[in-house]
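Breakdown of the fold
Chain by chain, the residues run as shown.
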Amino acid sequence: MCASVKYGSRGPALIPRMKTKYRIYYITLFSVVLLGLIATGMFQFWPHSIESSAEWSLDRRSVHDAPLVRIPMSSPIPERGDLSCRMHTCFDVYRCGYNPKNKIKVYIYPLQRFVDEVGVPISSTGLSREYNDLLSAISDSDFYTDDVSRACLFIPSIDVLNQNSLRIRETAQALAMLPRWDKGMNHLLFNMLPGGPPDYNTALDVPRDRALLAGGGFSTWTYRQGYDVSIPVYSPLSVEVDLPERQPGPRRYFILSSQTAIHREYRVELERLKEENGEALLLLDKCSNLSQGLASVRKRCYKGQVYDYPQILQESSFCVVLRGARLGQATLSDVLQAGCVPVIMADSYILPFSEVLDWKRASVVIPEEKLPEMYTILKSIPHRQVEEMQRQKWTSVNSPLFLPLIPPRSPGFTAVVLTYDRIESLFRVITEISKVPSLAKLLVVWNNQNKSPPEESLWPKVAVPLKVLRTKENKLSNRFFPFDEIETEAVLAIDDDIIMLTSDELQFGYEVWREFPDRLVGYPGRLHLWDHEMGKWKYESEWTNEVSMVLTGAAFYHKYFNYLYTYKMPGDIKNWVDAHMNCEDIAMNFLVANITGKAPIKVTPRKKFKCPECTAIDGLSLDQTHMVERSECINKFASVFATMPLKVVEHRADPVLYKDDFPEKLKSFPNIGSL
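Given the structure is predicted, the values throughout are model-derived calculations rather than measurements.

**Some details on the overall build of the protein**
Helix and strand counts for the protein come out as 16 helices and 24 strands. In the protein, buried positions account for 56% of the 675 residues. Of the contacts formed within the protein by residues at least 6 apart in sequence, a portion of 78% connects residues at least 24 apart. If you sum the accessible surface of the protein, you get close to 30600 Å²; carbon and sulfur atoms cover 52% of it.

In structure tokens:
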């Protein structure tokens, strides 16, 4: 469908500005596509930021006002599509380093109307609303540039979302005529409906040389892992209908099938399951007694009873997503939006963003041949696991988009020291931390409301800014407050008695964090274990081969986790920590692991923070009480999260030459310290 136009000041938008919900959908889609490209290897050779400025302008143009371009019949046709393409062979990473501060820029080609020699358009629909909305969202984002010389990625304004509307040969010729095509290098195409009758290929049939493809129906045969990105098939119903958030728990129906174009063999098998399991399974189809139109699209029927769609999806624990003629189905978007656990039966289907999303946490994938056993398979899943999968719809696990997967450009780290009244120890900590080359700022969180901090003249003289922040209440959670004074991305949380860490240990920890900015990076590691006799979790601090937590008495992390800890911590965990004056570090480990799905990184061999003041007897007694309290924390937090998000690993990070028989003066980090 061609669209009417409004002119304005930002980007190549071609129709009246889209509704906010549509805009959010498309900019989120594009952002996750970029995340997928980064995660699959697009910028593994290019250590820069993915941010961008908004210094640009572009005249809006009407589809009808766009220049007409005739395609000679003899115009070259790109190659079919190189299945061997990978980032190191088919992508020019050097294009991505031209910009100030090395930021990614995306260029959208100006509109052109491509026709063949006799004037027939290359597409029967022209520019679809969906593709226009996608281009508009990109042009309104911080990724956009109108300077083609600064672009890292090039996006054609040729709409290939729906292959059914395209003339394959002519569309390929139009792509080859783009001035920067260069065999598709660094070009990104979006396609949600690939293939066509009778075979319905699982990737776009338009020859496209080396272009990247964000596709909505990849199979394992057509997906170029580490190069292409699998995206969800768009469903307008998911965006147009506001569905309330549902709490995890039982639903009216156990299984629901809502697709209207299911292959007859699958329909027969679903009907058999319905007969065997009665009301537990709701088998819907299109409504034959309603007139065609938007109203009928939003309805489903079963034996004359009409249900609102997609609202009915919220009434079932599991929702069936079967392959149709194409592997990718818009139903998947509807099901996820409704908070129903999708049961995906589409052999060889590459799930959307599967390289950055853990689908096992939010869906059930069953081979097509196992459809007759579907009810039995789903019944075998524990209720707690079902509720955990339901919860993932609202808080999905991924590497958050705000966190770069590449080293940040912000210089240094901010050390946040929590203290109460140990002045001498505090000053020693400040003095030691000030020796770390990458320290940018020191913040002292003064947690004592009954005593004022020392006079300014008494504080150690350091070369970086030092500021004392007085709190209103003595709470452990104050250490994780998102203070405005934290301007770096990296934060070092450190206690006022951690005087044993060397500057080399701290600098090395920061360097490791720069490579893994979505992780907690710390020193002593700890482990959670399941006590089979007691039937609950326990905290373990003895020497083991595994680590699932690092102590935040000294740990690096991204400053955004301060915001999540303070404002987004589930349940009453934050208040519980403050009331018990314990376990804020365990709570932070739970939070980061639940958000990222990743384990912390332990650095250097140090296994404990020594307590010089403790006697052997007192230390033993304190340790026993401490272990009981910490175990209680783990069980409390696991109950609130309704899952155990902590991940176990069996490795740590040490400097390359740490144990080598090599002159100390030639090592980057010679003073790593002891156990």
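From this point, the discussion proceeds with the structure in view.
**Describing the side chain of Thr596**
Along the chain, Thr596 turns up in helix H15 (residues 584-596). By relative accessible area, which is 5% here, Thr596 ends up buried. Within polar-contact distance, the side chain of Thr596 engages the backbone oxygen of Val592 at 2.8 Å. At 3.1 Å, the side chain of Thr596 and the backbone nitrogen of Lys598 are in polar contact.

**Remarks on the packing of aromatic side chains**
Taken as a whole, this structure holds 20 aromatic pairs when the rule is applied. For the pair Tyr109 and Phe154, a centre-to-centre distance of 6.4 Å together with 40° between the ring planes defines the contact as tilted. Of this pair, Tyr109 sits in the loop between strand E2 (106-108) and strand E3 (113-115) while Phe154 sits in strand E4 (residues 153-155), and the two are 45 residues apart along the sequence. Ring geometry for Phe254 against Tyr375: centres 5.5 Å apart, planes inclined by 70°, an arrangement best described as edge-to-face. A residue pair is termed long-range when its members are at least 10 positions apart, and Phe254 in strand E8 (residues 253-257) and Tyr375 in helix H9 (residues 374-379) qualify at 121 residues. Judged by relative accessible area, Phe254 falls into the buried class, the value being 16%. Classification of Tyr375 as buried rests on a relative accessible area of 17%. Pairwise contacts between aromatic rings join Phe413, Tyr510, Trp513 and Phe556 into one cluster. Between the NZ or CZ atom of Arg300 and the centre of the ring of Tyr309, over which it lies, the distance is 3.9 Å. Over the ring of Phe254 we find Lys379; its NZ or CZ atom is 4.5 Å from the centre of that ring.

**Remarks on the nonpolar core**
In this structure, Tyr557, Tyr565, Ile586, Met588, Phe590, Ile634 and Phe637 are the most contacted members of the largest nonpolar core, which totals 41 residues. No other element matches H15, which puts seven residues into this core. Apart from residues no more than four positions distant in its own chain, Tyr565 is found in contact with Ser477, Phe480, Lys574, Val577, Glu584, Ala587, Met588 and Leu591.

**Considering the sheet that holds E8**
Taken together, the five strands give an open sheet; going across it, the order is E9-E8-E12-E13-E14, and neighbouring strands pair in parallel fashion. Among the strands making up the open sheet, the edge pair consists of strand E9 (281-283) and strand E14 (364-365).

**Looking at helix H14 (residues 573-580)**
Within the sequence span of H14, burial applies to Ile573, Trp576, Val577 and Asp578. One or two steps after H14, the chain reaches Met581, where phi turns positive at roughly 50°.

**Topic: the pairing of strand E10 (residues 299-302)**
Two strands pair when backbone bridges link them, and E10 and strand E11 (residues 305-308) are joined in this way by four bridges, in the antiparallel orientation. Residue pairing in the sheet places Lys299 in a bridge with Asp308 of E11. Between E10 and E11, which follow one another and run antiparallel, lie two residues, and Lys303 among them has a positive phi close to 50°.

**Details of the UniProt feature "coiled-coil region" (unreviewed entry) in the protein**
Feature annotation in UniProt places "coiled-coil region" (unreviewed entry) on residues 256-283, given in this structure's numbering. Spanning residues 256-283, this segment combines 50% helix with 18% strand, and its end C-alpha atoms are found 6 Å apart.

**Focus on the environment of Ala176**
Tracing the backbone through its elements, the reader meets Ala176 in helix H4 (residues 168-176). In this structure Ala176 comes out as partly exposed when scored by relative accessible area, which is 25%. When the C-alpha positions of Ala176 and Asp209 are compared, they lie 8.9 Å apart, and in sequence the two are 33 residues distant. Setting aside residues no more than four positions away along its own chain, Ala176 makes contact with Pro76, Pro78 and Trp181.

**Some words on the sheet that holds strand E7 (residues 229-230)**
Taken in spatial order, the three strands line up as E5-E6-E7 in an open sheet, and their pairing is parallel. Both outer strands of the open sheet, strand E5 (188-191) and E7, are each paired with one neighbouring strand and no more. Bridge count for E5 against strand E6 (residues 212-215) is four bridges, and the pairing is parallel. Across the sheet, Leu189 pairs through a bridge with Leu213, a residue of E6.

**A few points about the confidence of the model for the protein**
Here the protein averages 82 in pLDDT, and 81% of its residues register 70 or above. Counting interchain partners and residues more than four positions distant, the pLDDT-below-50 stretch residues 38-61 has 86 contacts.

**Here's the deal with the state of the cysteines**
Across all of its chains, the model carries four disulfides by this definition. Here Cys85 pairs with Cys90 through a disulfide, and the sulfurs are 2.0 Å apart. Because the sign of the S-S torsion sets the handedness, a value of about -80° for the bond joining Cys85 and Cys90 places this disulfide among the left-handed ones. Side by side, Cys85 and Cys90 carry an identical accessibility label, which is buried. Shown here is the disulfide that connects Cys583 with Cys633, its sulfur atoms set 1.8 Å apart. With the S-S dihedral at roughly 80°, the linkage between Cys583 and Cys633 falls on the right-handed side. Residue Cys583 is located in the loop between H14 and H15, and its partner Cys633 is located in helix H16 (residues 616-641); the two are separated by 50 residues in the primary sequence. With relative accessibility at 0%, the residue Cys583 sits in the buried group. Overall, Cys633 belongs to the buried group, its relative accessible area being 1%.

**Structural notes on the environment of Ser136**
By the secondary structure assignment, Ser136 is in helix H3 (residues 129-139). Each C-alpha atom of the pair Ser136 and Ile108 lies 9.8 Å from the other, and the pair is 28 residues apart in sequence.

**Digging into the packing of helix H13 (residues 560-567) against H15**
Taken N-terminus to C-terminus, the directions of H13 and H15 make an angle of 110°; their axes are 11 Å apart at the nearest point. Looking at the two axes, H13 sits roughly perpendicular to H15. Of the residues in H15, those touching H13 at Phe561, Asn562, Leu564 and Tyr565 are Glu584, Ala587, Met588, Leu591, Val592, Ile595 and Thr596. Broken down by class, the residue content of the contact of H13 with H15 amounts to eight nonpolar, two polar and one charged.

Rules of the game
- Position labels on residues start from 1 in each chain and follow its written sequence.
- With the structure being a predicted model, the display of local features is reserved for residues of pLDDT at least 70 and the display and counting of side-chain atom pairs for 80 or more, all residues being used for whole-chain, interface and lining totals.
- With hydrogens and water excluded, all non-hydrogen atoms of the structure serve as input to the side-chain values.
- Secondary structure elements follow DSSP: runs of H or I no shorter than four residues count as helices, runs of E no shorter than two count as strands, and numbering proceeds from the N terminus.
- When a residue's accessible area, from a 1.4 Å probe over protein chains only, is under 20% of the maximum for its type it is buried; when over 50% it is exposed; and in between it is partly exposed.
- Should any heavy atoms of two residues lie within 4.5 Å, those residues are counted as being in contact.
- Using a 1.4 Å probe, the Shrake-Rupley method yields the accessible areas, and only the shown protein chains count as cover for residues.
- In the analysis that follows, any N or O atom pair within 3.5 Å is treated as a polar contact, provided that within protein one partner can donate a hydrogen and the other can accept it, and provided that, for residues neighboring in sequence, both atoms belong to side chains.
- The rule is short: rings of Phe, Tyr and Trp, with Trp giving its six-membered ring, pair when the centres are within 6.5 Å, and they are stacked under 30 degrees, edge-to-face over 60, tilted in between.
- Distance and angle both matter: a charge sits over a ring if NZ of Lys or CZ of Arg is within 6 Å of the ring centre and within 35 degrees of the ring normal.
- As used here, the term nonpolar core means buried Ala, Val, Leu, Ile, Met, Phe, Trp, Tyr and Cys residues forming a set that is joined through side-chain atoms within 4.5 Å.
- Two strands pair if DSSP finds at least two bridges between them.
- UniProt positions are given in the numbering used here, feature names are shortened, and annotations may be inferred rather than shown by experiment.
- pLDDT measures the predictor's confidence residue by residue and takes values from 0 up to 100.
- Put simply, a disulfide is two cysteine sulfurs that come within 2.5 Å.
- Axes, fitted as lines to C-alpha atoms, cover a helix only where it is in contact. Angles between the N-to-C directions of the axes lie from 0 to 180 degrees.
- Small angles under 35 degrees read as roughly parallel and large ones over 145 as roughly antiparallel, with 65 to 115 read as roughly perpendicular and the rest as oblique.
- As a working rule, the residues Ala, Val, Leu, Ile, Met, Phe, Trp, Tyr, Cys and Pro are called nonpolar, Asp, Glu, Lys and Arg charged, and the rest polar, with Gly in that last group.

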